[in-house]
Amino acid sequence: MAEDVNNAILAELRRLTDAIDRLAGPAPAINDWDAADCFVWSPARQHLQPIARPNRVALKLIRGVDRVRDILHENTVRFAEGYAANNVLLWGARGMGKSSLVKAVHEDVRRESGVSLKLVEVHREDIASLPTLLDLLKDTPHRVIVFCDDLSFDHDDTAYKSLKAALDGGVEGRPDNVLFYATSNRRHLLPRHMMENEQSTAINPSEAVEEKVSLSDRFGLWLGFHKCSQDDYLTMIDGYADHFKLPVDREKMHAEALEWATTRGARSGRVAWQYIQDLAGRMRIALDRAQ
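Residues numbered from 1 in each chain as written. Predicted model: local features only at pLDDT ≥ 70, side-chain atom pairs only at ≥ 80, totals over all residues. Heavy atoms only, no water.

### Structural notes on the pairing of strand β1 (residues 38-42)
It is a general feature of regular strands that their side chains alternate between the two faces of the sheet.
Turning to step 1, where the next piece is worked out: Most of β1 sits inside the fold, with four of its five residues counted as buried.
Turning to step 2, where the next piece is worked out: Sheet topology note: the β1/strand β2 (residues 47-50) ladder contains four bridges and is antiparallel. Across the sheet, F39 pairs through a bridge with P50, a residue of β2.
Turning to step 3, where the next piece is worked out: The turn linking β1 back onto β2 is made up of four residues, and Q46 within it adopts a positive phi angle of 50°. (Buried < 20%, exposed > 50% of the residue type's maximum accessible area, 1.4 Å probe, protein only. Helix = DSSP H or I, 4+ residues; strand = E, 2+ residues; numbered from the N terminus. Pairing = 2+ DSSP bridges.)

### Let's talk about unusual backbone geometry
Turning to step 1, where the next piece is worked out: Phi is positive for Q46, which is not a glycine, with a value near 50°.
Turning to step 2, where the next piece is worked out: As for its position among the elements, Q46 is in the loop between β1 and β2.
Turning to step 3, where the next piece is worked out: Looking at Q46, the relative accessible area reads 35%, which means it is partly exposed.
Turning to step 4, where the next piece is worked out: Positive phi, close to 55°, is recorded for K245, a residue that is not glycine.
Turning to step 5, where the next piece is worked out: Residue placement: K245 occurs in the loop between α9 (230-243) and α10 (250-264).
Turning to step 6, where the next piece is worked out: Residue K245 is classed as exposed on the basis of its relative accessible area, which comes to 70%.

### Concerning the packing of aromatic side chains
Turning to step 1, where the next piece is worked out: Scanning the entire structure with this criterion turns up six aromatic pairs.
Turning to step 2, where the next piece is worked out: Measuring from centroid to centroid gives 5.2 Å for W33 and F39, while their planes differ by 70°, and the two rings are edge-to-face. Exposure class is identical for W33 and F39. Each is buried.
Turning to step 3, where the next piece is worked out: By way of ring pairs, the aromatic residues Y240, F244 and W273 are connected into one cluster.
Turning to step 4, where the next piece is worked out: Sitting over the face of the ring of F79, R143 holds its NZ or CZ atom 4.4 Å from the ring centroid. (Phe/Tyr/Trp six-rings, centres within 6.5 Å; stacked < 30°, edge-to-face > 60°. Lys NZ or Arg CZ within 6 Å of the ring centre and 35° of its normal.)

### So, the pattern of salt bridges
Turning to step 1, where the next piece is worked out: Counted under the stated rule, the structure contains 13 salt bridges.
Turning to step 2, where the next piece is worked out: With a closest N to O distance of 3.4 Å, D37 and R110 form a salt bridge. Of this pair, D37 sits in the loop between α1 (2-24) and β1 while R110 is found in helix α3 (residues 98-113), placing the two residues 73 residues apart along the sequence.
Turning to step 3, where the next piece is worked out: D238 is the salt-bridge partner of R250, the closest N and O atoms lying 3.3 Å from each other. Here the residue R250 occupies a position in helix α10, and D238 occupies one in helix α9, the gap between them amounting to 12 residues.
Turning to step 4, where the next piece is worked out: For R250, a relative accessible area of 35% puts it in the partly exposed group.
Turning to step 5, where the next piece is worked out: Salt bridges here are not isolated pairs; linked through shared partners, they connect D37, R56, E107, R110, R111 and K118. (Salt bridge = Lys/Arg side-chain N within 4 Å of Asp/Glu carboxyl O.)

Spelled out as structure tokens, the structure:
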């Protein structure tokens, strides 16, 4: 009889323990900074998922954006060396290599400086968890670039407030070992119609969007990417062809590349790379952009 009672008590305790564990959620994972140089933030477990083979391109392959490339590189070098550097917003035309440039510069500076420079990508939907991430990063001995690709905010989206505080607001401010890089098609991170609607319905139109527009002001550097000219586009094509040593007639390749861009209605670095992929595939030549 006593044994039955004890077994019942133990079973009930196990049930209660399991219920508490479910309510508490998964335990925070142990983050291994030595596992990789690039990570993806997973807020559910406060985990930095190491990326063994990042999707990136060699810096020397990024053409047509020389000025912004040099500015971003210099800013990143200063940060890696422990000097003052700015948060950066890379904005503008799609397909012009904004996110590719961030990843390429990170790798280039990391290799050249020998500094333990890490890149942590935060998905757009996880922006609200930035304060938690920064609290985790501030105690690491590493210098960290927090990167958000294709950042923008829609109507009634309040996640931008977490980003504003993370960039340079709040009592603590941004940790000295952390820098924030973001890419966006919008300079002010908000759709124009949303800003106009805010203005038209406000008592004081100039103040209606001030809080949201001021988000962009948190970035010390705005680097604009504009649609490339035909000459820039063909320079990108030539750069890829030379790098991969594609045995092809230059004049024929240019004609094909221009036709390729026409069928897609745009000229950009992304379109140039897609054409080179097609060309190399037809020639049965393997490509590795990371080399």
